[in-house]
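What the coordinates show
Residues per chain, in single letters:
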Amino acid sequence: MCLSRTELNQLPKIELHCHLDGSISMATIRVLAEKAGISIPEADEALRLKITAPESAESLLDYLAPFDFVLPMLQTQEALELAAYDLISQAKADHVRYIEVRFAPTLHTAGGLSLEQVVVAVTKGLAKGEADFAVKSNALLCGMRHESVATVMTVVDLFSKGELTHVAGFDLAGGEADGYVSGFTSVLETVKERGIPMTLHAGECGCAQNVMDAIKLGATRIGHGVAIKDMPDKWAELIDKKITLEMAPTSNIQTKAIDKAENYPFKTLFDAGVRVTINTDNRTVSDTTLTDEYVKLADWLGFDEAVFRQVARYAFEASFMSPQQRADLADEFIK
Ligand SMILES: O=c1[nH]cnc2c1ncn2[C@@H]1O[C@H](CO)[C@@H](O)[C@H]1O
Ligand SMILES: [Zn+2]
């Protein structure tokens, strides 16, 4: 029997892939714009057009356009803390019990903040959110794929700063070129040597080889990874290595990583035994919630509760939680 929206909403969830800058509610964007002295459209409908992916998006790059609108509002510690807190309140509404919030520290230094100050502000907002909403979280730090290796290394070096807490893993984000991973070999080798957990965006541009390259250089999780549908001969390797795919149905269709719902490879991969998880990617840019993503998959694929519980277990196992966080949540996700 199909689960209702309410039942899907109530299921305990873990979200591994959610961008801070793509997930700020409209109400908070208004507050941040006011604080930054940036004028934005008064009508919600007009503002929505600026902060959501264009319906005409033909590619990942088109999808990323709204980030340019919101980033100027995220250049102070106060703004970053408010944004992180706002995101945790949204996670609460989805019955998310643990979330990994990712962002690129280098995109928040235009107002003079240091990379450390950026991270401190976000994790402060996450901690306040946990205190008020009982949603646990960690931050993931992204290097941007258009940045130089030296710049991305400055992000990797943040993991060695003892004073930062709740910083759980490293990612590479932004526009994706075929074969991009090899350009970051030296950085990724350092990430691996230092024992920093790694999830990399790969396979959003129809380039399945990027997924395999990312795994080879140490990623245990892949952001999206949907292009791997085209390489069924590699699925056994993913299963064997317990690689987890962070899939995001709405985003994957908006970026044209997948052409239409009927071709969404979630069920095929799940049935084959690949560890797939459900994520929003960007709540605001994709105009979605994690409950919406669950509803979509239930509608498209007829999944029952057992499937959603298994998927949440995969997310629990692949998460970059601390031992304490893992112990606190084990009963809810490992039955
Ligand atoms: O689906 C995605 N693929 C690749 N990059 C993305 C995606 N969503 C957001 N970002 C990029 O990650 C940065 C840090 O959060 C955002 O500014 C955006 O440029
Ligand atoms: Zn993403």
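Each chain has its residues counted from 1, following the order in which its sequence is written. The lettering of chains begins at A and the numbering of ligands begins at 1, in the order of writing. Per-residue local features of the predicted model are confined to residues with pLDDT of at least 70, and side-chain atom pairs are confined, for both listing and counting, to 80 or more; whole-chain, interface and lining totals are unaffected and use all residues. In computing side-chain properties, one takes all heavy atoms of the structure into account and sets aside hydrogens as well as water.

Structural notes on the packing of aromatic side chains
Pairing of aromatic side chains here covers Phe, Tyr and the six-membered ring of Trp, requires ring centres within 6.5 Å, and sorts the geometry by plane angle: under 30 degrees stacked, over 60 edge-to-face, intermediate tilted. Summed over all chains, the structure comprises 9 aromatic pairs. Ring geometry for Phe-270 versus Phe-303: centroids 6.0 Å apart, planes at 50°, classification tilted. One end of the pair, Phe-270, is in helix 13 (residues 266-272); the other, Phe-303, is in the loop between helix 14 (290-301) and helix 15 (305-318), with 33 residues separating them in the sequence. For the pair formed by Phe-270 and Phe-303, the shared burial category is buried. Ring centres 4.8 Å apart and planes at 15° place the aromatic pair Tyr-294 and Phe-308 in the stacked group. Within this pair, whereas Tyr-294 is found in helix 14, its partner Phe-308 is found in helix 15, the two being separated by 14 residues in sequence. In this structure, Tyr-294 and Phe-308 share a single accessibility class: buried. Cluster of aromatic residues (ring-pair linked, three or more members): Phe-266, Phe-270, Tyr-294, Phe-303, Phe-308 and Tyr-314. Our definition puts a charge over a ring when NZ of Lys or CZ of Arg is within 6 Å of the ring centre and also within 35 degrees of the ring normal. Taking the ring centre of Tyr-294 as reference, the NZ or CZ of Lys-13 above it sits at 5.0 Å. If you follow Arg-145 out to its NZ or CZ, it ends over the ring of Tyr-180, 4.5 Å from the centre. The way it works is that DSSP assigns letters per residue, a run of H or I at least four long becomes a helix, a run of E at least two long becomes a strand, and they are numbered from the N terminus. The classification of residues rests on relative accessible area computed with a 1.4 Å probe and restricted to protein chains. Under 20% of the type maximum is buried, over 50% is exposed, and intermediate values are partly exposed.

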